[in-house]
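# Coordinates in review
So you can see what is in the structure, the chains are spelled out below.
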Amino acid sequence: MVKSEEWVSKGDIILEEIALGAVKDVTNCLVIAGPGAGKTELLAQKLDYLFSTNKCVSPKKILALSFKTDAAANLKDRVKKRYGDEYASRFTSLTYSAFEKRILDQFRNVLPEEIRPSKDYLIEEMEVIKEVLDRNGLNTTGMRMNRIKEIAESITLKESIALNERDSTIKNDLLKGTQSNKPVLFYRQITKLATQIIATNEYVCKALQMTYEFVFLDEFQDTTSAQYSLLKTCFLDSSCKLTAVGDNKQAIMRWAGANPNIFPDYIRDFNSNEYQLSMNYRSVPKLVKFQKEVDSILNNGMNIVYTNDYPESQEGEITLFEFENESLEAESIADDIKSKIQGGIRPSEICILAKQKIDDYSSKLISILSSKGIKARIENEYQELLKDPTCNLLLDLISCSQGKRDPLIWENISHFYGNINGIDEFTDELSLAKSYKEIDNVISDIASLISNFIPDKDSMLNLIEYIIEKIGDERIISNFSIYNGKSDLTTIVKNFSKLLYIEYSQSLGLWIQIVSNFKGENSIPIMTIHKSKGLEYEAVYFLGLEDSAFWNFNNQPEEDKSAFFVALSRAKSHLIFTYCKLRNNRAQNNRNINEIYSLLTQSNLVKVVN
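In this text the structure is predicted, and so the values were computed from the model without any measurement.

Cut-offs used in this document
Residues numbered from 1 in each chain as written. Predicted model: local features only at pLDDT ≥ 70, side-chain atom pairs only at ≥ 80, totals over all residues. Heavy atoms only, no water. Domains from an automatic or database assignment. Contact = heavy atoms within 4.5 Å. Buried area = accessible area lost by both parts, 1.4 Å probe. Salt bridge = Lys/Arg side-chain N within 4 Å of Asp/Glu carboxyl O. Polar contact = N/O pair within 3.5 Å; in protein donor to acceptor, adjacent residues only side chain to side chain. Nonpolar A, V, L, I, M, F, W, Y, C, P; charged D, E, K, R; others polar. Helix = DSSP H or I, 4+ residues; strand = E, 2+ residues; numbered from the N terminus. Expected span 1.5 Å × (residues − 1). Buried < 20%, exposed > 50% of the residue type's maximum accessible area, 1.4 Å probe, protein only. Axes fitted to C-alpha atoms, helices over the stretch in contact; angles between N-to-C directions. Parallel < 35°, antiparallel > 145°, perpendicular 65-115°, else oblique. Left-handed = near helix turned anticlockwise from the far one by under 90°. pLDDT = per-residue confidence, 0-100. Core = buried A, V, L, I, M, F, W, Y, C linked by side-chain atoms within 4.5 Å. UniProt positions renumbered as here; feature names shortened; annotations may be inferred.

Turning our attention to the domain arrangement of the protein chain. Segmentation of the protein chain into domains returns domain 1 (17-100 + 195-277), domain 2 (125-185), domain 3 (285-375 + 524-608) and domain 4 (382-519). Inter-centroid distance (C-alpha atoms) of domain 1 to domain 4 is 32 Å. Tallying the contact residues gives 5 residues for domain 1 and 4 residues for domain 4. Here domain 1 packs against domain 4, burying approximately 410 Å² in sum over the two surfaces, 67% of which is carbon and sulfur. The interface formed by domain 1 and domain 4 contains 0 salt bridges. Counting the contacts that link domain 1 with domain 4 gives 0 residue pairs in polar contact (both at pLDDT 80 or more). Residue composition of the side of domain 1 that touches domain 4, grouped by class: no nonpolar, 1 polar and 4 charged.

What follows concerns helix α17 (residues 389-401). Between its first and last C-alpha, α17 extends 18 Å over 13 residues, near the 18 Å set by a 1.5 Å rise per residue. Burial of α17 is extensive: 11 of the 13 residues sit out of reach of the surface. Taken as a whole, α17 has its buried residues at Thr390, Cys391, Leu393, Leu394, Leu395, Asp396, Leu397, Ile398, Ser399, Cys400 and Ser401. Taking the backbone nitrogen of threonine 390 as reference, a side-chain oxygen 3.0 Å away marks aspartate 388 as the first, capping residue of α17. Count one or two residues on from α17 and you reach glycine 403, which has phi positive near 90°.

On to the packing of helix α14 (residues 326-342) against helix α15 (residues 358-371), then. Relative orientation of the contacting elements α14 and α15 amounts to 50°, with a least axis distance of 9 Å. On the basis of their axis angle, the class for α14 and α15 is oblique. Crossing of α14 against α15: the hand is right-handed. Here Glu326, Ser327, Glu329, Ala330, Glu331, Ile333, Ala334 and Ile337 of α14 come into contact with α15, specifically with Tyr361, Lys364, Leu365, Ile368 and Leu369.

Right, let's talk about the confidence of the model for the protein chain for a bit. Model confidence for the protein chain is summarised by a mean pLDDT of 89, while 96% of its residues fall at 70 or above. Segment residues 301-313: pLDDT under 50, and 15 contacts once partners within four positions in sequence are set aside and those in other chains are kept.

Here we come to the packing of helix α7 (residues 145-157) against helix α9 (residues 187-200). At a minimum axis distance of 9 Å, the contact between α7 and α9 shows a crossing angle of 15°. Judged on the interaxial angle alone, α9 and α7 are roughly parallel. When the axes of α7 and α9 are compared, the crossing they make is right-handed. On α9, the residues touching Glu153, Thr156 and Leu157 of α7 are Arg188, Gln189 and Lys192. A per-class count over the contact of α7 with α9 returns 1 nonpolar, 2 polar and 3 charged.

The subject of this paragraph is the nonpolar core. The nonpolar side chains of a soluble globular protein tend to be buried with one another. Judged by nonpolar contacts, the single largest core of 60 residues is most densely connected at Phe290, Ile352, Leu369, Leu545, Phe564, Leu575 and Phe577. Membership of the second largest hydrophobic core comes to 42 residues, among which are Tyr382, Ile409, Phe416 and Tyr501.

In this structure, methionine 279 sits in the loop between β8 (273-277) and α13 (285-300). On a C-alpha basis, the gap between methionine 279 and glycine 38 in space is 8.5 Å, while along the polypeptide they are 241 residues apart. Ignoring any residue separated from it by four or fewer positions in sequence, one finds methionine 279 in contact with Glu16, Gly36 and Ala37.

Attention now moves to the UniProt feature "binding site: ATP" (unreviewed entry) in the protein chain. Residues annotated in UniProt with the feature "binding site: ATP" (unreviewed entry) correspond here to Ala33, Gly34, Pro35, Gly36, Ala37, Gly38, Lys39 and Thr40. Note on placement: glycine 34 falls in the loop between β1 (29-33) and α2 (39-52). Not counting residues within four places of it along the chain, the set of residues in contact with glycine 34 comprises Lys39, Asp247, Gln250 and Leu277. Structurally, the position occupied by lysine 39 is in helix α2. Aside from chain neighbours lying at most four places away, what touches lysine 39 is Ala33, Gly34, Glu219, Val245, Gly246 and Gln250.

Quick look at unusual backbone geometry now. Across the junction of serine 58 and proline 59, the peptide omega takes the value 10°, indicating a cis bond. With phi around 50°, glutamate 124 is a residue other than glycine that occupies positive phi space. In this fold, glutamate 124 is placed in the loop between β4 (122-123) and α6 (126-135). Residue class for glutamate 124 comes out buried when judged on its relative accessible area of 18%.

Take a look at the structure:
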């Protein structure tokens, strides 16, 4: 055991004094940390402090809750790789959805019969939901899926006493299932049921509190009121101590129900200490100063900008290009990107952002970049698949089958097979050899399969399904808790094989290159601002700083200003914005978003090119 005063941070990072205070705080605390402040790293360091100083006494554990699957996995992996299995075994890193689902699945039977879902429920399976609504006389013909979801979700969240006969039947058919349909729940419904389980069962609540002595809450600014209610039900007035980290400047999920008052509510309810981190480990000084300018004006309502004359030689670039139309924009930005790649920046270290409708802003640029031998792709579908553990397992197995025995790839594969085969430090050599033999057999089979020509996407799907069958779909589902049964895995496999065939058809059957291209290692990612949250790039191009992109600015100015801040804070060294007077044959302007646009035109840090 290490004494508190003797503990030092691990790795290359040196914690600033305020961060060190937050790490060593064993009461409830809120850490407000801007872009590049190292929020995930702070949580990893705090875990080490709590375990190594015995502030978290064995066998008690630490629970971390995140919003994204990759964020939860990233924190878990960082802990395992840096501190080993001893710490990892006492650390549970989940998404909010997985945490809520775990509570429901484990303690479902304590719910009253009338609100207890069937065990084999699906989650937001829209085709089933649509069929149930139609069958019960609520005609969904011509409705968009979002509207169908809104109607059905509203019915399921209401108390049964408030429903008419038709809606009561719909709610019950979805909750319990029928001979015609499997049961289906909504995520918000799962949150509500999990909260009720904890609120009405003292023993379940106490068991949770006795298991976890400390709780980490990531991206806390995105917490909904329902999720916060669950947190309070689980941990308020208990011995569990919470550490929430977030940044109110990046609160871009209010459209999805995020509580705008979550920080003051938490400080009041949990009597929390507050820490504000000032360091930015991501961006060069010039970009950090611009972030501070933007923050100062947008959040404090100031009508002036900093007028300091920063040296022209200062490292970093912030540029606003003003174009006549999107064709000139595409040509100029493509040339600028090409020059950066020639200067040593890899394509995957460049990102193209748009507020929404990515195709409208990037289609011409993608074409021109392609003519220059530069690949750029819209990341939406790829992003979700690259977070999926089965997709990553398949890519690793394919890489190994082509002779790429990278240590990290091999570790991921052997870890998976170790889990499904029950391998641990006490396993005998014969069982260990059997597990390794199984890996070799699968890799050998894959090498043989992919050596043959794959004529179409259906053939690719058949190939991937065969590999899944060889591994064992039930073993995959049991090992990766994110799947709600076989239907989830089937959907992932179909989407994966479709995109894999696209890469295969463009790479002449060179599988190492196919895997690399699938992972986006050789292309420029294009995405919305929301999808970029938590990511960082050497160069960021934000296309379309125009009223039409921020069409709802007058109704949600704070959220759109936060979105703008998220976009500019993704960049490490180069930050480029564009504006077109004419886009898709429609005149553009920036009058509505002048509050944002003027931040660029009036700042001495920004070069305006027109």
